[in-house]
Amino acid sequence: MLAKSRAVIALTVLLLCLTPATVLASDPVHWGYDGEVAPEHWGELSPDFSACGEGKQQSPVDIPATAAVNPPGLRVDYRDSALHIVNNGHTIQVNVDPGSTLQVDGATYPLAQFHLHALSEHTLNGAHTEMELHLVHKDATGRIAVVGVMLEAGAHSAAYEPLLAHMPAEEGEPETIAGISLNAADLLPAQRGYYRYDGSLTTPPCTEGVTWLVLSEPVELSASQVAAFERLYDHNYRPVQPLYGRTFLVTPAQTGRRSSGLLIAGAIVLCVAAATLLWALSRRRRTRRE
Ligand SMILES: [Zn+2]
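Calculation rules
Residues numbered from 1 in each chain as written. Predicted model: local features only at pLDDT ≥ 70, side-chain atom pairs only at ≥ 80, totals over all residues. Helix = DSSP H or I, 4+ residues; strand = E, 2+ residues; numbered from the N terminus. Buried ≥ 20, exposed ≤ 12 C-beta atoms within 10 Å, placed from the backbone. Core = buried A, V, L, I, M, F, W, Y, C linked by C-beta atoms within 7 Å. Contact = placed C-beta atoms within 7 Å.

From N to C terminus, the protein chain includes six helices and 13 strands. Here the protein chain holds 290 residues, and 29% of them are scored as buried.

Now the structure itself:
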């Protein structure tokens, strides 16, 4: 009996010791868009956030008018998903059911979630649009590719309505909205040309090595749709970061396909030429023999 109660006391003490340690370890560093936790201070808030202050491949960036644009050909295969929506204290985010993917350089990146910013984070030739949508994809090895969609005030969008109509007003846990399904492909513009560059997450820890694909054509939302989001978040955007010599890339897969096409065409021409030459030579020999 005594041994049993000692064991209970020991276990209780152990649990009491572990609980604060667990809480401390999992307590996220508070960051935001105002005052002492604003973007210009993110790098100082935690050693884990050092890339925010010292990184040389940070996002977002200004996309100048001269930036190379990839022709329409963004390779997405998005499927219908139930609407799992959360106000996480930084944005409104939708978590996506498994099955939707993006192809980049032959690799498959499953779509994990999408979320909104106001104003836009990227700027086009120095100008913000009202909002920006980020579709975040992560491959099996943890590499991240984000598709950015510039959202500007204009016509009402029926495609964005299910998302905008179910935004939780208060920060909380994800909730699934019954009877609503959504396909992320409907949130993209009709023309899918895009700017591509190497950047980072635009929120702490500002991890680099992110492939950015920012669509060149914006999508329109009505002024009241923009206002609905701005009532919750009207400045959850990080200012543009220096390029530090980075350039806008034309997708290597396309260049590769084009050059391998050229190689095949070249090989065929050479084969035909060689066959013609051999045939001509054999004919000459035959003619001489005759
Ligand atoms: Zn984002």
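The discussion continues.
With that settled, the discussion passes to unusual backbone geometry. S59 connects to P60 through a cis peptide bond whose omega is 0°. Following the sequence through the fold, P60 ends up in the loop between α3 (50-54) and β1 (62-63). Here the amide bond leading from P204 into P205 is cis, since omega sits at 10°, within 30 degrees of zero. On the secondary structure map, P205 appears in the loop between β11 (194-200) and β12 (208-215). In this model, N125 sits at a positive phi of 50°, which is unusual for a non-glycine residue.

Next up on the list: the environment of G209. Structurally, the position occupied by G209 is in strand β12. Taking the number of C-beta atoms within 10 Å as the measure of exposure, G209 has 13 and is therefore partly exposed.

The next point concerns the environment of S81. The residue S81 is located in strand β3 (residues 80-87) in this model. For the pair formed by S81 and N183, sequence separation is 102 residues and the distance between their alpha carbons is 6.2 Å.

A few words on the nonpolar core. In terms of nonpolar packing, the biggest core is built from 52 residues, with V147 and V149 touching the most fellow members. Among the elements that make up this core, the one with the highest residue count is strand β9 (residues 144-153) (six residues). Those residues in contact with V147 that lie beyond four places of it in its chain are L74, L102, L135, L213 and L215.

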